[in-house]
Each structure stands twice: as C-alpha cells, then as structure tokens.
Amino acid sequence: MAEFTIKERRQIPRHAMPTQDPLERRTNFGEVALGYSESEALEEANRCLACRRPTCVTGCPVGVDIPDFIVALREGDLDRSVRILKGKNSLPAICGRVCPQETQCEVQCVLAKKGEPVAIGRLERYVADWDLQRGAETPQVAPTTGNKVAIIGAGPAGLTCAADLARLGHKVTVFEALHNPGGVLVYGIPEFRLPKDKVYAEVGCLECMGVEVVTDVVIGKLFTIDELLTERGYDAVFIGSGAGLPTFMRIPGINYNGVLSANEFLTRVNLMKGYQFPEYDTPVKIGRRVAVVGAGNVAMDSARCALRLGWRRAKLEGGQPPDVHIVYRRSAAEVPARAEEVHHAREEGVIFDFLTNPVEIYGDDKGNVRGMRCIRMELGDPDASGRRSPIPIENSEFDMEVDQVIMALGTSPNPLVFRNAAGLERTRHGTVRVADAETGLTTKAHVWAGGDVVTGAATVISAMGAGKAAAADIDRYLKGEKAEAE
Amino acid sequence: MLTYLPSRRSSITRWEVQVYEIIEKQVFSDVTKMVVVRAPEVAHKAKAGEFVIVRVDERGERIPLTIADFDREQGTVTLIFQEVGKSTMQMGMLEVGDGFANLVGPLGHATEVENLGTVACVGGGVGIAPIYPIARALKEAGNYVISIIGARTQSLLFWEDKMRAVSDELVACTDDGSYGRHGLVTAPLKEVLEARSGEIQRVWAIGPAIMMKFVARTTEPYGVKTIVSLNTIMIDGTGMCGGCRVQLKAGAQFVCVDGPEFDGHLVDWDLLLARQSFYRVEEQEAVERWQQLVRLENVA
Ligand SMILES: Cc1cc2nc3c(=O)[nH]c(=O)nc-3n(C[C@H](O)[C@H](O)[C@H](O)COP(=O)(O)OP(=O)(O)OC[C@H]3O[C@@H](n4cnc5c(N)ncnc54)[C@H](O)[C@@H]3O)c2cc1C
Ligand code: FES
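Residues numbered from 1 in each chain as written. Chains lettered and ligands numbered in written order. Predicted model: local features only at pLDDT ≥ 70, side-chain atom pairs only at ≥ 80, totals over all residues. Heavy atoms only, no water.

Q: Would you explain the interface of chain A and chain B in this entry?
A: Put simply, an interface is often sized by how much accessible area is lost when its parts join up. With 59 residues of chain A in contact, the opposing surface of chain B contributes 58 residues. When the two sides are added together, the surface that chain A and chain B hide from each other amounts to roughly 5000 Å², 56% of it contributed by carbon and sulfur. On the chain A side of the contact with chain B, A:Asn255, A:Asp281 and A:Lys285 bury the most area, a combined 15% of that side's loss. At the junction of chain A and chain B, the tally comes to 6 salt bridges. A:Arg232 is the partner of B:Glu41 in a salt bridge, and the nearest nitrogen-oxygen pair spans 2.9 Å. For the side of chain A that touches chain B, the element with the most residues is helix 12 (residues 196–208) of chain A, which contributes 7 residues. For the side of chain A that touches chain B, the per-class residue count stands at 30 nonpolar, 15 polar and 14 charged. (Contact = heavy atoms within 4.5 Å. Buried area = accessible area lost by both parts, 1.4 Å probe. Salt bridge = Lys/Arg side-chain N within 4 Å of Asp/Glu carboxyl O. Helix = DSSP H or I, 4+ residues; strand = E, 2+ residues; numbered from the N terminus. Nonpolar A, V, L, I, M, F, W, Y, C, P; charged D, E, K, R; others polar.)

Listed below in structure tokens is the structure:
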C-alpha cells in the first residue's frame, strides 16, 4: 500500500456517513446511518496522522488506543484492529453508533483544529461490525481466581464492569430486571439508531468470556444486596442499575389517556417491539398530533419513533401523516440532544416549538387527551446549570390541539435496588453516594456503583468508563483480600 | 445456584428464552385456568398480595398476575387467569410441561396483615384467586374472616371450598342466580355492614375494577377502610414506565411499586376504568388475528 505523507493525509476530505433518505426512512425502522463501505473506511483511516502523543485518546472515557486501531485497519489487519479496540472497549459496535464523539475523542483530534476531525466513531463501527459479521472473536480470559462478583443491571455500566472482571478471571453474574439485557440500549434507544441484534451479539461475546447473565431478577425484591453479599456468597457487588424512573410534570390533566412517559412509549416500541404489532403482542398508539415535551436525546428518539409509526399508519391505512412537535421551554441554543439527532429529526419532519411550556392538559369525557395549554417563555439570567433560565411571559397562554403527549423530562434512579442494603447512602437526587469518585466505591463495604445510578442520566460511554474504573478497583480489592487471607 | 439458569450459545442474535415450567394445570371453566409454575426463588420470597409478570413467548406482552398461592417446598407459584385477550388465550393453551418464557417477581407490596378483629374479604370472578392468600393470612393472624365471593355465573365460580376453609363465614353469589345467592357481591356486603355495624374493621376487595368501585362505594358510608388490589396495564412492573399510574385523591401513584393495594376510597375509579380500556381496539385486533391463526392450525 502506498505510504502517504502527512500533507497528503491532511488533504483527504472527511467521508460523510451514508444515510437512508429522510423521506424514505421516516416510514421504516431500518438503520438511519448505513455504515462505511470498505473503501470509504480505508480512505477515512488514511486521514489519521497517527500522532505519537494522541490527544484523541484523552477524550475517550475508556481510553481506546485510537490511532493504533485505525493504523491496523488501514494496514488491512482487521484482526489486530479488533483486538486493540476490544482491549479497552467491550461494546464497540454500540459505541460506534451512539457515543457523542463530537464532544469526546473527535473534538480532541488535531485535524479538528484546522479542519474536520477523523471520523473515529464511524471507523470504530466499521471495525466492530466486521468482527460481529465474522462471528466475533472471544477475548482472552485469565485463569479463574475463584472470586464471585454480582453485577446489578445489564446496561452499559454493568456489562463493561462484567467484561473487565471476567477477563481478569473472576466469576461474574449479571442480574437484570427486564427480560433482555442491554438497559437503555434495548429499551430506550430505537432500532433505527442501534439495531438490537448488535446489542445482543455484543452481550453474547461477554457470555463467551464466561459472564453469566440472569434476566428476570429484580434486586431489592427477589434478592437484596445484603443477601448477595451473605447467603449468596458474592465477594463484591457492582450497582449499575441506571436512572430509569420517569418524571411527570406537575400540571393538571397528566393522567389522561394518551399522556405517557417517554420511557413507556420507547419501551413499548423498542423492548417490546410494538412497532411490529400485531406480530409482537404489545400495542403502541400514535396520535394524529403528538407533542413530545423536552429536547434531550430521549425526546428526539420519542419524536422520531412517533413519526415513523404515524407515517407507516398513513401508508397502510391512508389518511394524514402525523404532526409531531417537540415542545421545549428554552431556545434552540440550549437543546441538550446531540446535534446530529436534532438534524436527523428535522430532516424527517419533526416540528420544533421552542420557548414553549405546557401548563395544563385537557381531556374529553372519555378521559382521552384532546389538547394542551402552553405558555410562551423568554430567557432570563443563567441558572445553576449555566444555561439561561426560562421565564414565562405573562398572558401568553395558547392552546395546542394534541391527542398524545409524551413526557421526556429526565429520569432518576429506581429506589428498589436500595431495599435492604444497610449502609448504602444516597444523595438527595436519589443517586448513590460514592465514597471515592474515581473508583465508584460506595459508603457500603464491598459495594461499588457506576453509570447513571451515580451521575443521573448521562451517556453510554461515561457509564462504561465508570464500569471499567470500578472493575479495576474491585480487582485490586479482591487480590488484596486474597493475599491477606493467605 | 439458580435452578432456572438459561443455557446460552455464543454470538446469539436473538435472545434465547428460559422456560418456567408448568407442572400442574386446572381448567376451572372455558375461560378460567389455573397453572402451577416452577419458580423456586420467587416462591421462596412470595407473600400474599404480591404479583408476578409473565411473558408467554419472546413476542409476548408482559402480563401482571397476582400470586394466588405459593409452595416454598415445591418451589412453585400458582397463577389463575381469565382469558380476556390474545395473551391470556395463548396462556390458556399451555399444558403441563410447557412453560412461560419469562416470569419475574415477586413485585409490589405485600398485604399488611395484622389482627384487626373482624374483617371481610370480597372476591369477584378471577379476583377470588388473589383474595384467597390474603384471607388465609388474615385468618392465620387471628382475625374473624367473613368472605363473600361472586361471579357472573356458576361456571366462573371456583375455590369455594378453599375459601371456606380459611373463612369463619362465607357467602357465594352469582349475578344470574345459577348458584348461591342471586345478585352482586355488594348486596351481602351491605347486609354484613348493617348487621355488624362497628364490628367490621376492614374490607379487602379484589375483582374487576367496576366491582371494586362499587364495593368501595358500599363501604364508604360506614367509614370502613377498604383495600383494593388494582390490576392496571403494566409493562416493567418496577416503576420504570409509569403506564400503571392511578389517580388518588392526593396525586398519582404507580400501581406496580406503590401498590398494588390502595385505599379504595381514594381511587379515581372513572379515570382508572378509562385507562384500562385504552388499548381496546388493538386488543380486539390481536384476538381476531389469534383466533384465525388457531383455526388455521386446527385445519392443517
Ligand atoms: C432514549 C434514550 C436515548 C439515549 N441516547 C443516547 C445516545 O445517543 N448516546 C449516549 O451516549 N447516551 C444516550 N442515552 C443515555 C445512555 O443510554 C445512558 O446514560 C446509559 O445507558 C447509562 O447506562 P447504565 O448502565 O448506567 O444504565 P442503564 O442503561 O439504564 O441500565 C441499567 C439496567 O439496570 C436494570 N435494573 C434497574 N434496577 C434494577 C434492579 N433493582 N435489579 C436488577 N436490574 C435492575 C435496568 O433494567 C437496566 O437494564 C440515552 C438514553 C435514553 C433513555
Ligand atoms: S408498570 Fe411500569 S411503572 Fe409500573
């Protein structure tokens, strides 16, 4: 292969991600981003300058050796590329799709200073998909240590912690409350952004490493944390139970039929595969005019699912396609969702109503939603979060005709897991209080925590970073403990 | 450790389902079925008033069912259901040796059982199943238990003998008069409240929402606290979706984690009834599709 000079590498333009046409994709649940072809991946890989002291790596919460895997890829040694990637990241096909690279690794890329960064996420996805396609290689596992670790929750935090501990030879069991592992990756993030077979395939890789995933177990109900540590004989526990509790606005009419949490809506659509009703049993309803309240990733996902289901209905049954509105009390500049998701949502036809806040929901005599009264807002001084706080404009109320309202207002940790866990402290936000922020050690001996259950709703990769840090500390603890006992 | 650990292969693309085996089945009527399911860990923890969520196969809905009985030694839980939709019809076709793809529990709060003196337990239709362990626990705690059970017609009435065994008095009634007293459960309940005014300390009622609504309305003038067990639409059963929420006088609560038992005098029954019928059109569609599939299967 021809060697490029640095100057030549700098001249290669960043490759756009091939995507499904917006007008086509809004009627299906197929993936929006189609992935690089081999030649696109190789050309994009050729852009990397393979810096000796790579700044991109510092932006990655799990410290993937980015230039190394990219160099291996462009040298045509995909095998090595996979090994480098999976050395640090056990869920690369997932991260390559949903990580906000634009604020993490890619923003640190030296090319970003003068032009566009290397498309690290897209290359990660390419390599990971290649690995899954060939049937995924099982990473090497150390000889068994005889230690037992229980992990609560099969989301990204728990799965990463499990993978790292299994690699070090510990016996790991992951307990998951739902019927499938994956956490938000399977119940929240829709198929068109993250195909579920990729998630299950990556979980399958962990099982090949000896991780045991037991679904249908609610910790706090079937077993408690104290029982895991005593009767059940686990040496350590990691809590990765996420932040799954929905928030409803405190306004009148919130319990009418047709008002639901984004969690319920997305769970019906994604985990239960409601978009395939009646082939799958769980129904999901779509209004003619849908309001999604909030503007985070969760709101974008809800709006885009509603849009797809509505368009599909229009296609099958005739009639009007749906109006799907994002109703957000701040302005476009404050939208917390990833820019790419907002862009995709707009392309597909989601309508954005900024500086608008619901104050009341109306129902008809059958208890169904028929409208929502909103008030216009303006931006005042910055609040504690640094964002300008929205202030209602007096006498600016107006009515929106809607027949479905999806509340996507943020979530908090589920308190169930804390039942019978003496000594485990929580903050007033309901998150676990960690005694050591670096490692996730909690105020209870032998118990670590990480991911959304500690930080509140955050990102897949930060949850994975926390799972990784905890695994390293649990390993240190288990080895020390054993050494003392001997 | 867990006896129902799933066996898994490498690089799966579809999650394999584990099976919770049915070891006994009884057909109470055309539409009312009882299954005893092997789930040792759940049986070990189960208490009266709690529920489980089952899924019949990997395409199934998550269906909440109250635990009607459990046997810790045998490691089983007993579930009773009425075939009202596609999922329950499919469940009704399961036989001994078949199983559920998923069974998670115990969920919800257990019944608060204490010795109150004299109490009444009202079970309507398939609600007789969940009222049974509550009546039994109340009896064991030393209460004088008056039970009233009812159903639309004789064939839908079951467990009269089991209920009698844990009750000091029992009245059975049917709406159509085909068995026992002719009429709704609220009539004998009112008589008991009249005849023993001041004596009845608490009433438990489980059955269709409309029955619980009228039981609550019957007891309200007497000021007798009335506990109902709500069976709303649920998905996760762990407080994650809010689909199960019920409007109480003081605000909304989640049936799966705050209940399933609530003070019946505080529930907004009309909203509850409206929420329960929200998916009626889809349910009907699923039933018709299922019945057609079954017919085709029988022909083939
Ligand atoms: C709709 C949506 C879209 C998102 N999009 C993005 C995105 O594009 N990019 C990004 O980086 N982040 C995104 N996020 C955020 C990201 O998904 C989360 O930050 C991340 O999943 C947190 O991981 P976790 O492992 O801490 O928790 P979770 O993924 O929430 O997993 C926790 C698991 O624990 C289980 N559990 C809870 N309680 C118990 C219990 N008592 N016993 C047993 N199991 C229990 C839960 O069922 C769940 O499976 C999104 C979130 C949502 C909701
Ligand atoms: S069933 Fe989802 S919160 Fe109760």
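Q: Would you mind showing me how to read the side chain of A:Glu202 here?
A: All names here are of chain A. Positionally, Glu202 belongs in helix 12. Summary of buried charges: Glu202 has no salt-bridge partner, and the nearest side chain of opposite charge, Lys86, is 5.7 Å away. Engagement of the side chain of Glu202 in a polar contact is seen with the backbone nitrogen of Ala93, the distance being 2.9 Å. Apart from the residues within four sequence positions on either side, Glu202 is in contact with Ser90, Leu91, Pro92, Ala93, Ile94, Ala128 and Leu132. (Buried < 20%, exposed > 50% of the residue type's maximum accessible area, 1.4 Å probe, protein only. Lys, Arg positive; Asp, Glu negative; His and termini not counted. Polar contact = N/O pair within 3.5 Å; in protein donor to acceptor, adjacent residues only side chain to side chain.)

Q: What exactly am I supposed to notice about the pattern of salt bridges here?
A: Once their charged atoms are close, side chains differing in charge can pair, the charge on each being opposite to the other. Residues and elements named next belong to chain A. This model, assessed by the stated rule, comprises 50 salt bridges over all chains. Across the pair Arg83 and Asp79 runs a salt bridge, and its minimum N-O distance is 2.7 Å. Of the two residues, Arg83 and Asp79 are both situated in helix 5 (residues 78–88); the distance of 4 residues between them amounts to about one turn of the helix. The class for Arg83 is partly exposed, based on a relative accessible area of 46%.

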